[in-house]
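Descriptive analysis of the structure
Residues per chain are reported as follows:
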Amino acid sequence: MDSPHRAFAPSRRTLLFGAGATALTAASASALPASALPAAAAAGSAAAAGSAAATGSAAVSASAAIPSPDDLPLTGGPEFPVGLFWPPHPYASTAERFTEIKDAGFDFVISGNYAGDGNIFQYQLDLARTAGLQMLISDDIQIRNMSRWFSISDNTADFLSVTPDEARALYTRARDAYGPFSSLAGFNLYDEPGAGWFGSLAQAVAISRELAPQLLPYINLFPSDDAAYYRSFVDVVKPSLISFDRYPLLSEGREDANYFHNWAIVRDAALHGDIPSWVFIQTLAYNGHREPTAAELLWQVNISLAYGAKGIQYFTYWTPEAARGEGFGPALITVDGRRTPRYAAARKINTTWLHQVGRELKPLVSETVVHANETPLPNGTIGFTPTNLVTAVTGDPVVIGTFHSRDTASTDRWLLVANRSHTTRSRAVLTPNPQTVSTVGVFQPATQSYTPRPTTPTPVDLPPGAATLIKLTSK
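Residues numbered from 1 in each chain as written. Predicted model: local features only at pLDDT ≥ 70, side-chain atom pairs only at ≥ 80, totals over all residues. Heavy atoms only, no water.

A few words now on the overall build of the protein. When helices and strands are tallied, the protein shows 13 helices and 19 strands. Put simply, of all contacts in the protein between residues at least 6 apart along the chain, 75% involve residues at least 24 apart. If you sum the accessible surface of the protein, you get close to 18400 Å²; carbon and sulfur atoms cover 57% of it. (Helix = DSSP H or I, 4+ residues; strand = E, 2+ residues; numbered from the N terminus. Contact = heavy atoms within 4.5 Å. Areas by Shrake-Rupley, 256 points an atom, 1.4 Å probe, with all protein chains shown as cover.)

Right, dumping it as structure tokens:
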């Protein structure tokens with residue numbers, strides 16, 4: 001019996017592209033090689049993804065230059081990007097609500113919360129523009145068809161795919177519909193793809209760069225302890241950033257035992273690709289996860305900074321309604337639009353600490369991450385050992401991220417020292433090496449400056465979840 005996909009394929013193309021679908025498909029078939037990507041699956045091996053990219057993406061990727069993250073919205077510029085997912089729903093999308101987002105120190109919004117209509121997207125983009133926010137558009141039907149619901153294949157016999165030229169036509173529609181808004185930062189191409197999608201997503205990203213090099217092609221990855229998943233994403237898709245979600249605050253006061261391990265392998269993949277790493281932080285309770293305190297919000301942010309994060313995203317801003325069936329508790333804003341204590345906590349974090357320290361860290365390169373004074377070490381972490389700049393770290397447990405400048409002539413180092421605990425104060429002492437360190441500076445976010453300290457043992461007193469940034473000027 002014939003496949004139903006085969007039987008209905010002509011009407012599918014007609015629905016997607018209108019009367020010109022047959023001509024567009026014929027032009028694609030004659031202009032492109034006959035090799036094909038396999039139909040993308042929701043999950044698969046990294047090796048399969050690499051094979052798919054090798055066999056079917058050359059016609060797209062060969063013509064698409066890879067822009068530097070420095071030249072794209074959000075990843076470029078001096079400002080550290082702070083974003084949110086699940087914004088106000090369409091009925092609550094007002095100028096006042098978008099101003100409320102901006103006032104809480106957010107820079108961008110990832111659309112969602114049942115905003116799936118082009119007119120609504122345009123309306124929200126206008127609100128964002130007025131409020132001084134940027135938007136990554138999710139769930140636009142054109143983008144979904146070219147990057148998620150169908151794979152991209154140059155084999156027109158694959159009826160669960162669109163050809164590269166058809167994908168270009170879909171992307172062009174979305175670009176032309178939303179591109180006139182200066183608040184458009186880019187498109188969310190796929191959330192949490194399996195590795196089997198990487199070959200097709202490589203083509204989608206290349207098409208985005210070909211047709212709108214000024215926009216950010218965004219993809220968020222699922223949590224995983226498999227380093228090959230993230231490495232393959234970087235090598236095959238060649239993304240402009242690597243973003244992932246893992247929510248470490250479990251019920252009954254527990255922590256996800258592999259949270260640091262996941263961060264370590266994402267950090268490694270980001271350094272491998274020389275691209276920024278972004279992460280989502282947990283703002284609410286849901287199945288098996290607890291409601292964060294203000295200190296636990298701050299802890300997630302600072303641990304992520306220590307591990308090299310170049311962007312922070314909050315999951316969620318508005319509270320998803322109970323009908324979703326995932327047991328969501330209140331986020332920053334309740335289902336009916338009231339602010340929770342976490343709104344105030346996030347506002348304080350974003351406006352008095354994260355943006356300020358983020359400006360310092362954004363241009364720097366993560367060099368090492370170590371856990372000091374912690375026994376046993378969590379899975380995937382590395383314990384502190386003396387270096388030529390810091391000879392000892394004593395006292396309570398802290399996580400130390402070390403950063404260097406991209407200027408190879410500079411031998412200075414920056415240390416983001418984060419409290420390992422989100423419930424107790426941490427008092428530690430760092431001992432700089434006086435033979436190699438000429439000055440010690442402690443970052444003051446209020447003045448965006450460093451207060452000099454003697455090159456003697458430097459005490460660090462951190463409230464639950466807090467961190468400090470120290471600059472070591474070398475001799």
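Quick look at the side chain of arginine 267 now. Looking at where arginine 267 falls in the secondary structure, it is placed in helix H11 (residues 259–273). Buried charge without a partner: arginine 267 forms no salt bridge, and the closest opposite charge is aspartate 268, 6.2 Å away. A polar atom in the side chain of arginine 267 sits 2.7 Å from the side chain of serine 366. Aside from chain neighbours lying at most four places away, what touches arginine 267 is Tyr307, Ser366, Glu367, Thr368 and Val369. (Buried < 20%, exposed > 50% of the residue type's maximum accessible area, 1.4 Å probe, protein only. Lys, Arg positive; Asp, Glu negative; His and termini not counted. Salt bridge = Lys/Arg side-chain N within 4 Å of Asp/Glu carboxyl O. Polar contact = N/O pair within 3.5 Å; in protein donor to acceptor, adjacent residues only side chain to side chain.)

This brings us to the pattern of salt bridges. Following the criterion strictly, the structure yields 20 salt bridges and no others. Between arginine 338 and aspartate 336 there is a salt bridge whose closest N-O contact spans 3.4 Å. By relative accessible area, arginine 338 is classed as exposed at 51%. A relative accessible area of 55% means that aspartate 336 is categorised as exposed. Notably, a salt bridge pairs arginine 427 with aspartate 461, separated by 3.7 Å at the nearest N-O pair. With arginine 427 in strand S15 (residues 426–432) and aspartate 461 in strand S18 (residues 458–462), this pair connects stretches of sequence that are 34 residues apart.

Considering only enclosed or pocket space, the largest pocket measures out at about 680 Å³ in volume. Around the largest pocket, the lining is made up of 33 residues, and of these Phe85, Trp86, Asp191, Phe315 and Arg324 lie nearest the centre. Those elements that place two or more of their residues in the lining of the largest pocket are strand S6 (184–191) and strand S7 (216–221). The class makeup of the residues in the lining of the largest pocket is 14 nonpolar, 9 polar and 10 charged. Considering only enclosed or pocket space, the second largest pocket measures out at about 500 Å³ in volume. (1 Å grid on protein atoms, 1.4 Å probe; cavity = no way out; pocket = protein on both sides within 12 Å on 5 of 7 lines; lining within 4 Å. Points joined across faces, edges and corners; volume = space filled by probe spheres on them. Nonpolar A, V, L, I, M, F, W, Y, C, P; charged D, E, K, R; others polar.)

Counted under the stated rule, the structure contains 1 cavity of 30 Å³ or more. Val390, Leu415, Leu430, Thr431, Pro432, Val440, Thr458, Ile470 and Leu472 are the residues that line the largest cavity. Sorting the residues of the lining of the largest cavity by element identifies S15 and strand S19 (467–474) as the ones contributing at least two each. It is S15 that provides the largest number of residues to the lining of the largest cavity, a total of 3 residues. Looking at side-chain class alone, the lining of the largest cavity contains 7 nonpolar, 2 polar and no charged residues.

This part covers the packing of helix H9 (residues 198–211) against helix H10 (residues 227–237). In the contact formed by H9 and H10, the axes pass within 9 Å of each other and the chain directions differ by 45°. Our classification of the angle between H9 and H10 gives oblique. The two elements H9 and H10 meet at a crossing, and its hand is right-handed. Counting all contacts with H9, which are made through Phe198, Gly199, Leu201, Ala202, Val205 and Arg209, the residues of H10 involved are Tyr229, Ser232, Phe233, Val236 and Val237. Residue composition of the contact of H9 with H10, by class: 8 nonpolar, 2 polar and 1 charged. (Axes fitted to C-alpha atoms, helices over the stretch in contact; angles between N-to-C directions. Parallel < 35°, antiparallel > 145°, perpendicular 65-115°, else oblique. Left-handed = near helix turned anticlockwise from the far one by under 90°.)

Moving on to H10. Restricting attention to buried positions, one finds in H10 the residues Tyr229, Tyr230, Ser232, Phe233, Val234, Val236 and Val237. At the N-terminal end of H10, a side-chain oxygen is found 3.0 Å from the backbone nitrogen of alanine 228, two or three residues along, and the residue is aspartate 226.

With 119 residues, the main nonpolar core has Phe187, Ile242, Tyr314 and Leu416 as its most contacted residues. Residues in contact with isoleucine 242, not counting those within four places in the same chain, are Leu221, Tyr230, Phe233, Val234, Val266, Ala269, Ala270, Ile275, Pro276, Ser277 and Trp278. (Core = buried A, V, L, I, M, F, W, Y, C linked by side-chain atoms within 4.5 Å.)

Take the confidence of the model for the protein next. Close reading of the predicted structure is inappropriate where its pLDDT is low. Taken over all residues, the pLDDT of the protein has a mean of 90, while the share at 70 or more is 87%. The element-level mean pLDDT for the protein is lowest in helix H3 (residues 46–56), coming to 38, with helix H12 (residues 294–306) highest at 99. In the model, residues 1–11 has pLDDT below 50 throughout and makes 5 contacts with residues more than four positions away in sequence or in other chains. Within the model, pLDDT remains below 50 along residues 19–58, and this stretch shows 71 contacts once partners closer than five positions in the same chain are excluded. (pLDDT = per-residue confidence, 0-100.)

Attention now goes to the packing of helix H5 (residues 95–103) against helix H6 (residues 118–131). Here H5 crosses H6 at 50°, and the two axes come no closer than 9 Å. The orientation of H5 relative to H6 falls into the category oblique. H5 and H6 meet at a crossing whose hand is right-handed. Here H5 contributes Ala95, Phe98, Thr99 and Lys102 to the contact with H6, which in turn contributes Gln124, Leu127, Ala128 and Ala131. Looking at the contact of H5 with H6 residue by residue, the classes come out as 5 nonpolar, 2 polar and 1 charged.

The topology assignment puts proline 341 in helix H13 (residues 341–361). Between the C-alpha atoms of proline 341 and alanine 331, which are 10 residues apart in sequence, the distance is 9.1 Å.

Within strand S13 (residues 398–404), 6 of the 7 residues are buried, leaving the element largely enclosed by the surrounding structure. As defined by bridge partners, strand S11 (residues 365–372) adjoins S13 across 7 bridges and the pair is classed as antiparallel. The partner of alanine 372 across the bridge, within S13, is valine 398. In the sheet, S13 pairs with strand S14 (residues 413–419) via 7 bridges, with the strands oriented antiparallel. Bridge pairing links isoleucine 400 to valine 417 in S14. (Pairing = 2+ DSSP bridges.)

Burial of S18 is one-sided: the residues Thr458, Val460 and Leu462 facing one way are buried, the residues Pro459 and Asp461 facing the other way are not. As paired elements, S15 and S18 share 5 bridges and run antiparallel to each other. By the bridge assignment, arginine 427 is partnered in S18 with aspartate 461.

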